[in-house]
Amino acid sequence: MITGIDLSEKNGEVEWDDFGFGDVNFAFIKATEAIDSVDRNFQRNLQQALQRDIIVGAYHWLHPRLHVGQQADLFIKIVKEFNGLLPPVVCLETHRTNLDEMEKNVLVFLDHIEKAINIKPIIYTSDQYWKTYLPEAKWGCDYLLWLDKPGTIWPTQLWPWAGWTFWQYSYQARLPGIPTTLGLNYFNGTKSELMKMVIQ
């Protein structure tokens, strides 16, 4: 396994010259949220990470109650160029709608992204969120899983996945150059395997 981080504007402005790379091999960076929210640090963090040969991916924080087509369009517009990045991520946490709309709306968002860039997105979620709001979504295993499960114990299987690809195991990491605590993640594979995931 190899380690990486996730960043958003909530982490403040990263002093990349002071940034302690250590074992950071990849970074997921927030691009957008809802229908009109753009992370003010996205472009800077993206470019600075790429310049340092960190493998990078972009994510969107989905609000399933809002128009998911507009959210997908915003995400695609802001990221612009997906080649050279990891597959895009949809974050399913905190925000929700009723169960009748939930599964339909998440699928619409995923399909919209896939049709636009010809790559299946990655799903970021927790076991509690998925079991509560998408309990019948057997199609989830068609997408790679980034599991939100802080702790030191290897996560148990989350239906319908056989395992996870990324695991966010901490929210409380501190690294030089980053003003606040941030997320630490594992990739369940080697660096060469992660490189093969980068969109060409």
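For clarity, every value in this text was computed on a predicted model and none was experimentally measured. (Residues numbered from 1 in each chain as written. Predicted model: local features only at pLDDT ≥ 70, side-chain atom pairs only at ≥ 80, totals over all residues. Heavy atoms only, no water.)

S.K.: What should I look at first to understand the overall build of the chain in this one?
M.R.: Scanning the chain for helices and strands turns up five helices and nine strands. Element order for the chain, N to C, with α for helix and β for strand: β-β-β-α-β-α-β-α-β-α-β-β-β-α. Computed over the C-alpha atoms, the radius of gyration of the chain is 16 Å, within 12% of the 16 Å expected from 2.2 N^0.38 for a compact globule of 200 residues. Across its three principal directions, the C-alpha atoms of the chain cover 50 × 35 × 30 Å. Per-residue burial for the chain yields a buried fraction of 55% across its 200 residues. Here the analysis covers contacts within the chain between residues at least 6 apart in sequence; of these, 63% occur between residues at least 24 apart. Surface exposure of the chain reaches about 9,700 Å², of which carbon and sulfur atoms provide 49%. Of the side-chain charges in the chain, 18 are positive and 24 negative, and the distance between the mean point of each set is 1 Å. (Helix = DSSP H or I, 4+ residues; strand = E, 2+ residues; numbered from the N terminus. Rg over C-alpha atoms; globule rule 2.2 N^0.38 Å. Buried < 20%, exposed > 50% of the residue type's maximum accessible area, 1.4 Å probe, protein only. Contact = heavy atoms within 4.5 Å. Areas by Shrake-Rupley, 256 points an atom, 1.4 Å probe, with all protein chains shown as cover. Lys, Arg positive; Asp, Glu negative; His and termini not counted. Charge placed at Lys NZ, Arg CZ, Asp CG, Glu CD.)

S.K.: I tried to follow the layout of surface pockets on my own but got confused; where do I start?
M.R.: Summary: where empty space remains is shown by rolling a probe the size of a single water molecule over the atoms. Reported here for the largest pocket is a volume of approximately 490 Å³. For the lining of the largest pocket, the elements supplying multiple residues, two or more each, are β1 (2-7), β2 (24-33), β4 (55-61), β7 (144-148), β8 (166-173) and β9 (182-187). Its residues assigned to classes, the lining of the largest pocket comprises eight nonpolar, seven polar and six charged. (1 Å grid on protein atoms, 1.4 Å probe; cavity = no way out; pocket = protein on both sides within 12 Å on 5 of 7 lines; lining within 4 Å. Points joined across faces, edges and corners; volume = space filled by probe spheres on them. Nonpolar A, V, L, I, M, F, W, Y, C, P; charged D, E, K, R; others polar.)

S.K.: Is there a simple way to explain the nonpolar core in this structure?
M.R.: Note on soluble globular proteins: their nonpolar side chains tend to be buried together. Counting 52 residues, the largest nonpolar core has Ile-5, Leu-92, Ile-123, Trp-130 and Trp-139 as the members making the most contacts within it. Those residues in contact with Ile-123, other than ones at most four positions away along the chain, are Val-90, Leu-92, Leu-110, Trp-130, Trp-139, Gly-140, Tyr-143, Leu-144, Leu-145, Trp-146 and Trp-161. Ile-55, Leu-86, Val-89 and Phe-187 belong to the second largest nonpolar core, which has 17 residues in total. (Core = buried A, V, L, I, M, F, W, Y, C linked by side-chain atoms within 4.5 Å.)

S.K.: How should I be thinking about helix α3 (residues 99-117) in this particular structure?
M.R.: Since the α-helix advances by 3.6 residues per turn, residues separated by three or four positions end up pointing in the same direction. Compared with the 27 Å implied by 1.5 Å per residue over 19 residues, the 28 Å span of α3 between its first and last C-alpha is a close match. Of the surrounding secondary structure, the elements contacted by the buried residues of α3 are β4, α2 (68-79), β5 (89-92), β6 (122-126) and α4 (127-133). Between the side-chain oxygen of the N-cap and the backbone nitrogen of Asp-100 there are 3.1 Å, and the N-cap of α3 in question is Asn-98. Following α3 by one or two positions, Asn-118 has its phi on the positive side, about 65 degrees. (Expected span 1.5 Å × (residues − 1). Polar contact = N/O pair within 3.5 Å; in protein donor to acceptor, adjacent residues only side chain to side chain.)

S.K.: Would you explain the environment of Tyr-186 in this entry?
M.R.: Tracing the sequence through the fold places Tyr-186 in strand β9. Under the relative-accessibility criterion, Tyr-186 is labelled partly exposed at 23%. In this structure the C-alpha to C-alpha distance between Tyr-186 and Leu-147, which are 39 residues apart in sequence, comes to 9.8 Å. Setting aside residues up to four positions removed in sequence, Tyr-186 forms contacts with Met-1, Ile-2, Thr-3, Phe-26, Trp-164, Thr-165, Phe-166, Trp-167 and Tyr-169.

S.K.: Before we go on, may I ask you to explain helix α1 (residues 42-51) in this structure?
M.R.: When α1 is considered as a whole, its buried residues turn out to be Phe-42, Asn-45, Leu-46, Gln-48 and Ala-49. Where α1 is buried, its residues meet β1, β2, β4 and α2. Positive backbone phi, at 60 degrees, marks Asp-53, one or two positions downstream of α1.

S.K.: Quick question: what am I supposed to make of the pairing of β9 here?
M.R.: The side chains of a regular strand alternate between the sheet's two faces. Of all six residues making up β9, five are buried, and the element is well covered by its neighbours. Two elements, β8 and β9, share five bridges in a ladder whose sense is antiparallel. Bridge pairing in β9 links Ala-173 to Leu-182. (Pairing = 2+ DSSP bridges.)

S.K.: Explanation requested: the pattern of salt bridges in the structure shown.
M.R.: Two side chains bearing opposite charge may form a pair once their charged atoms approach each other closely. On inspection of all chains with the given rule, the structure shows five salt bridges. A salt bridge links Asp-17 to Arg-52; its shortest N-O distance comes to 3.1 Å. Of this pair, Asp-17 sits in the loop between β1 and β2 while Arg-52 sits in the loop between α1 and β4, and the two are 35 residues apart along the sequence. Among the residues examined, Asp-17 registers a relative accessible area of 74% and is labelled exposed. For the salt bridge of Glu-114 with Lys-120, the shortest nitrogen-to-oxygen distance reads 3.4 Å. Of the residues examined, Glu-114 reaches a relative accessible area of 24% and is grouped as partly exposed. Accessibility expressed as a relative area gives 36% for Lys-120, which makes it partly exposed. (Salt bridge = Lys/Arg side-chain N within 4 Å of Asp/Glu carboxyl O.)

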